[in-house]
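What the coordinates show
Listed below are the residues making up each chain.
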Amino acid sequence: MRFLVIGGAGYIGSHFVWEALRQGHSCVVYDNLSRGHRASVPREVKLIQADLLDKETLRAALREDHFDGIFHFAAFALVGESVTEPDLYYENNGEGVRCLLNAMRAEKSTAGLVFSSTCAIFGTPEKVPMLEHDPKVPISPYGRSKLVAEWLIEDACRAYGLKAMALRYFNACGADPSGEIGEDHQPETHLIPNVILSAVAGKELSIFGNDFPTRDGTCVRDYIHVSDLADAHIKAAQHLHTLKPGTFDVVNLGTGKGYSNLEIVQAAERVLGRKIPYRFAERRPGDPAELYADNTKARQVLGYVSRYSDLDTIIRTALVWHEKHPKGFS
Ligand code: UDP
């Protein structure tokens, strides 16, 4: 299949491209490189460096090629930043999606749209594991902007005969098994890369909060390997290909198992054979105590299987990436 990968130079988007090429598909990347890395896009893949808000370039990209699948990975995804810069989030995550839907409509695209959504649309869940139709009460501008985007897509599918699927990720982590691409955010706010940095550089890890109502007082999250996420996107595109125009569906994408922050540290100490210096710090605003998916639908509809999403493989692949590229892509 031929894919247009919007945001294909970012962390999850680039892993998708590498996985899709391995599986014999072809990709064009569309990315403004505001947060992505040129070096994460394989040399043989065409890169259109442009913004989603640039309607003319976007429409030309759709007009000049035939795509079987279009993937939207181009969101800003930092909860804290979204609280201080909400306009940035509604513009990029909301308006960007509206532009994409308009361009697809105008160019009469028949491609299935696979949209990167997030468990942040649920806010603080009433229960775990979380099901697709659980109440959605997002507590951050980030979560709200992604829920707005889901609504835009759902309404556009109904009205204009597009077809789409929103995949609500839990915690994407790990690195491509080749070790050639991985997580490189500035600043790094995520737990797994920060655990690796602490193990490698001896930098003390702050664990945010130890008084949550969980088994050891630290937050519980559902860690899914980024290459498993990528594979689920390919399966989603293949599934959409068989569906009628006007279809919109949603899938929660996690492993179905939650680990606490302390359990992550302990697993990393075991896998890496090193002590990880840490201290408990204040809770981070907006962190729900426990988030993990009910992935029954992902398994039934997408045939989701875990190939890399055990903690050992997640930590090992993240370490290999870090050791091969200690300065990231720079
Ligand atoms: N976390 C932490 N120290 C860090 C980074 C993250 O204790 O340096 C915690 C964070 O508060 C949350 C969990 O690790 O409880 C996962 O955070 P992450 O930012 O990786 O993903 P999120 O769940 O926020 O999307």
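The following paragraphs examine the structure supplied in this document. What you see is a predicted model, and the numbers here were worked out from it, not measured in a lab.

1. Re the state of the cysteines
Counting across every chain of the model gives zero disulfides. Considering cysteine sulfurs only, Cys 219 is the nearest to Cys 119, which forms no disulfide, with 12 Å between them. According to the relative accessible area criterion, Cys 119 is buried, its value standing at 6%. The thiol of Cys 157 is unpaired, and the distance to the nearest cysteine sulfur, on Cys 99, comes to 17 Å.

2. Some words on the sheet that holds strand β11 (residues 248–253)
The sheet built from seven strands is open, its strands ordered β3-β2-β1-β4-β5-β6-β11 with parallel pairing. Two strands in the sheet have a free side with no partner beyond their single neighbour: β3 (46–49) and β11. For this sheet, the mean angle separating the axes of adjacent strands, direction not counted, is 20°. As defined by bridge partners, strand β5 (residues 112–118) adjoins strand β6 (residues 163–169) across seven bridges and the pair is classed as parallel. Following the sheet pairing, Ser 117 is matched in β6 by Arg 168. Along the sheet, helix α1 (residues 11–22) contacts β1 (2–6), β2 (26–31), β4 (69–72) and β6; its crossing angle with β2, the most-contacted strand, is approximately 165°. Strands in contact with helix α2 (residues 55–63) are β1, β2, β3 and β4; relative to β2, the strand with the most contacts, it is inclined by about 175°.

3. Some thoughts on the site of the ligand
Every one of the 15 residues lining the ligand counts as a neighbour, but Leu 191, Ser 206, Arg 221, Arg 284 and Asp 287 are closest to it. Here Asn 261 contributes a side-chain N or O atom positioned 3.1 Å from an oxygen atom of the ligand. Considering the ligand on its own, with 520 Å² of exposed area, one finds that the protein chains cover 87% of that surface. Every element with two or more residues in the shell around the ligand is listed here: α6 (191–201) and β8 (205–208). When residues in the shell around the ligand are grouped by element, the largest group, four residues, is from β8. Class assignment of the residues belonging to the shell around the ligand gives a composition of six nonpolar, six polar and three charged.

4. Some words on helix α4 (residues 86–106)
The end-to-end C-alpha separation of α4 is 29 Å, in line with the 30 Å expected for 21 residues at 1.5 Å each. Along α4, the largest kink reaches about 25° and is centred on Glu 95. The set of residues buried in α4 consists of Tyr 89, Asn 92, Asn 93, Gly 94, Gly 96, Val 97, Cys 99, Leu 100, Leu 101, Ala 103 and Met 104. Turning to α4, the residues buried within the fold contact β1, α2, β4, α3 (79–84), β5 and α5 (141–160). Downstream of α4 by a residue or two, Lys 108 has a phi angle that is positive, lying close to 55°.

Quick notes on the rules
- Residues numbered from 1 in each chain as written.
- Predicted model: local features only at pLDDT ≥ 70, side-chain atom pairs only at ≥ 80, totals over all residues.
- Heavy atoms only, no water.
- Disulfide = S-S within 2.5 Å.
- Buried < 20%, exposed > 50% of the residue type's maximum accessible area, 1.4 Å probe, protein only.
- Pairing = 2+ DSSP bridges.
- Helix = DSSP H or I, 4+ residues; strand = E, 2+ residues; numbered from the N terminus.
- Axes fitted to C-alpha atoms, helices over the stretch in contact; angles between N-to-C directions.
- Contact = heavy atoms within 4.5 Å.
- Near = heavy atom within 4 Å.
- Polar contact = N/O pair within 3.5 Å; in protein donor to acceptor, adjacent residues only side chain to side chain.
- Areas by Shrake-Rupley, 256 points an atom, 1.4 Å probe, with all protein chains shown as cover.
- Nonpolar A, V, L, I, M, F, W, Y, C, P; charged D, E, K, R; others polar.
- Expected span 1.5 Å × (residues − 1).
- Bend = angle between axes of the 7 residues up to and from the residue.

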